[in-house]
Every structure is written in C-alpha cells, then in structure tokens.
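Results of the structural survey
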Amino acid sequence: MPSNIEHANISDLKLGTADVAAGYIGHKQVYPNTRQIQSFAFTDTSGVPVTGTTRVLNVGGELGSTFNLVGSGGASSPGNNLVLYNSPQSYNVTIPTNYTCGSSSRNPTVTITPLGNTALASGVPTSRSLSQPAGPAITYVTPSTKTISVTEVTSVTTTIGGQLRWAPGAQFSVTLSLATTTSMPVYARITANCYSGSTWGSGTNWTSSGSTKYYSMPSGGAPYNYQNNNQATWTETSSVLTLGSGNPAYVRFYAYIYESSGALTCYLIGGSSYLEPSPQYNYPP
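These figures come from a predicted structure and were not determined experimentally.

1. Describing the pattern of salt bridges
- Tallied over the full model, the rule gives 1 salt bridge.
- For aspartate 44, the salt bridge is made with arginine 55, and the minimal N-O distance between the two is 3.6 Å. In this pair, aspartate 44 is assigned in the loop between strand S3 (35-42) and strand S4 (53-61) and arginine 55 in strand S4, connecting sequence segments 11 residues apart.
- Judged by relative accessible area, which is 6%, arginine 55 ranks as buried.

2. Observations concerning the nonpolar core
- Membership of the largest hydrophobic core comes to 26 residues, with the highest contact counts inside it found for Phe172, Leu176, Trp200, Val251 and Phe253.
- Contributing elements (two or more residues each) for this core: strand S12 (145-154), strand S15 (171-184), strand S16 (187-193), strand S18 (212-217), strand S20 (241-245) and strand S21 (252-258).
- Examining the composition of this core, we find that 4 residues originate from one element, S15, more than from any other.
- Membership of the second largest hydrophobic core comes to 19 residues, among which are Val48, Leu69, Ile112 and Leu130.

3. Structural notes on the sheet that holds S4
- Across the sheet, 4 strands lie side by side as S7-S4-S3-S9; this open sheet has mixed pairing. Edge strands, defined here as strands with exactly one partner in the open sheet, are strand S7 (89-95) and strand S9 (118-120). Ignoring which end each strand starts from, the neighbouring axes of this sheet average 35° apart.
- Pairing of S4 with S7, which is carried by 7 bridges, proceeds in the antiparallel orientation. Looking across to S7, one finds that valine 59 is bridged to glutamine 89.

4. Digging into the sheet that holds strand S5 (residues 66-72)
- What the 4 strands build is an open sheet, ordered S6-S5-S8-S10; its pairing is antiparallel. A single partner strand is all that each edge strand has here, and the edge strands are strand S6 (79-83) and strand S10 (127-129). With direction set aside, neighbouring strand axes in the sheet form an average angle of 20°.

5. Things to note about the side chain of glutamine 132
- Tracing the sequence through the fold places glutamine 132 in the loop between S10 and strand S11 (139-141).
- Here glutamine 132 falls in the buried class, since its relative accessible area comes to 2%.
- Of the polar contacts made by the side chain of glutamine 132, one reaches the backbone oxygen of proline 49; its length is 3.0 Å.
- For glutamine 132, the side chain forms a polar contact with the side chain of arginine 106, separated by 2.7 Å.
- Aside from chain neighbours lying at most four places away, what touches glutamine 132 is Val48, Pro49, Val50, Gly52, Ile95, Pro96, Thr97, Asn98, Ser105, Arg106 and Pro108.

So, how was this worked out
Residues numbered from 1 in each chain as written. Predicted model: local features only at pLDDT ≥ 70, side-chain atom pairs only at ≥ 80, totals over all residues. Heavy atoms only, no water. Salt bridge = Lys/Arg side-chain N within 4 Å of Asp/Glu carboxyl O. Helix = DSSP H or I, 4+ residues; strand = E, 2+ residues; numbered from the N terminus. Buried < 20%, exposed > 50% of the residue type's maximum accessible area, 1.4 Å probe, protein only. Core = buried A, V, L, I, M, F, W, Y, C linked by side-chain atoms within 4.5 Å. Pairing = 2+ DSSP bridges. Axes fitted to C-alpha atoms, helices over the stretch in contact; angles between N-to-C directions. Polar contact = N/O pair within 3.5 Å; in protein donor to acceptor, adjacent residues only side chain to side chain. Contact = heavy atoms within 4.5 Å.

As structure tokens, this is what we get:
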C-alpha cells in the first residue's frame, strides 16, 4: 500500500542515511538523530614547561560529530568545523614559551563547541585547561658608573663668516664607560649628528648614512640582537668617524644604554639611560 505523508516537508526528513533538520509529519514534530561527543581531554595534564610544548588533545564520540576547538590563554586553536572521522581523534595543541621577563602564569585552554546536531554527552566539559608557570621576575638595576667622552682624533676646520667650523676630514671617536651593580648584558647605542647640510663619511661599524650615524657597543653586540657581552663593567672606544661633507658649527654625540632583556636575565636599567659629553652639550671646533 502506498504511504501518505501528510503535510511533510521532505527536505526536513531523514532520507536514507542523510541527516536532516527537524521536521513535521502531520502535526507531529520529528527529531533527527543527535550525535554525541563522549570524551574531550588532554592526554597529558601535567604542568606545561615555561619554555612551551605541544600537547595532544583527544576527542571521542560518534563518528560524524562536528565541532569547533578554540584555544585561549596561549593555546593554539586546532580548528573550526571539525568532523570526527575516528574515535578518539587527536589534535595537536601548541603552547608557546612564557619565558618572558615579568610574564604572569597562565592557563592554556581549549574550548569545544558542538555544531549542528552534535551535542556533548552528560559530564563532558566545554573546556579543558592546563597550567603554565610565570616567566622570570624583573630586577631593576641602576648603573653605578656611566660616562661618555668625545675625542677629536683629527682636527680639520675652516672659518666661514668669521665663525670657526668643522670641515670634511675632521675625525672623532667616542668612549663609553659603564658599571652596574650586577652582571647584566647591557649595550649602548651611540648617535652622531652633524645636522642638515652636512654628512658623515667613513667609519667602521658606524651604520646609517647622511647626517646621522649610529654605533653599538660593546664589540660583538648590536642593537636588539641580544648577543652582547655579559659584563658588569666595561669601557670601550668607538672606531673613528670622519666628517664627509659640509661645514657644521658643531657636531653632537650622545648615547642610550639598554638592557638586553631578550637574553632572559631580566634586568632593566633604572634611572636615566641617556648620556651626553659633559659639560659640553655639543662638540664645537
């Protein structure tokens, strides 16, 4: 006998093995099959090293279950619109280093959100969390000694309109001394400025061009590469810098000293880190 499905919305029924949304047969609501996620957990729940790691997250349940896995607190997100093809199915969760100066402890977390006709079985949590310790604490250090001086290596001058000025070929070097109360990887960046209309010429390890050049010390280090000498006290003199063109009335040298927090010693320089030759603010001929 032929079947009569009165008032049926065919697109809302389950036909063959296809899942469809809830529909009505006559005045009776028909619910489709619901797939369940029955387990959701990390295989290793021990504390995450401060340097980071990768942990495996397993999701188990009925095949065809769909869901999102979203990470927070430093944990990566395995993905959205995921489908369970095996049970359990494994996902890698990457947790980066927390070994940053002054960083707080954190709880890398992955949250699961069922999609469509997928549901969490009773007792399955919506998120799983791990713990990761804080990074190293910051120690503030004030240098006990910090001095800068400029040496006129070669004097080349000229007089323009009755004013004595520097001339091309004039050469300078800069000496910096630094002492801290503890061994820390500090470095300095010296700036040399001969101002608009003049340019610097040659100078070993002096970088940039034009009227402003930079020099990093101690030797073997450069700004922001965190490879500087780990010394509590050092004195170093820059290579010679030559005036290339122009006739400035003065040249100026100054330096900033920096902590190398990227080396993970976590010392920060306190007090003023700005140095200029004293008592001369600028260096006239």
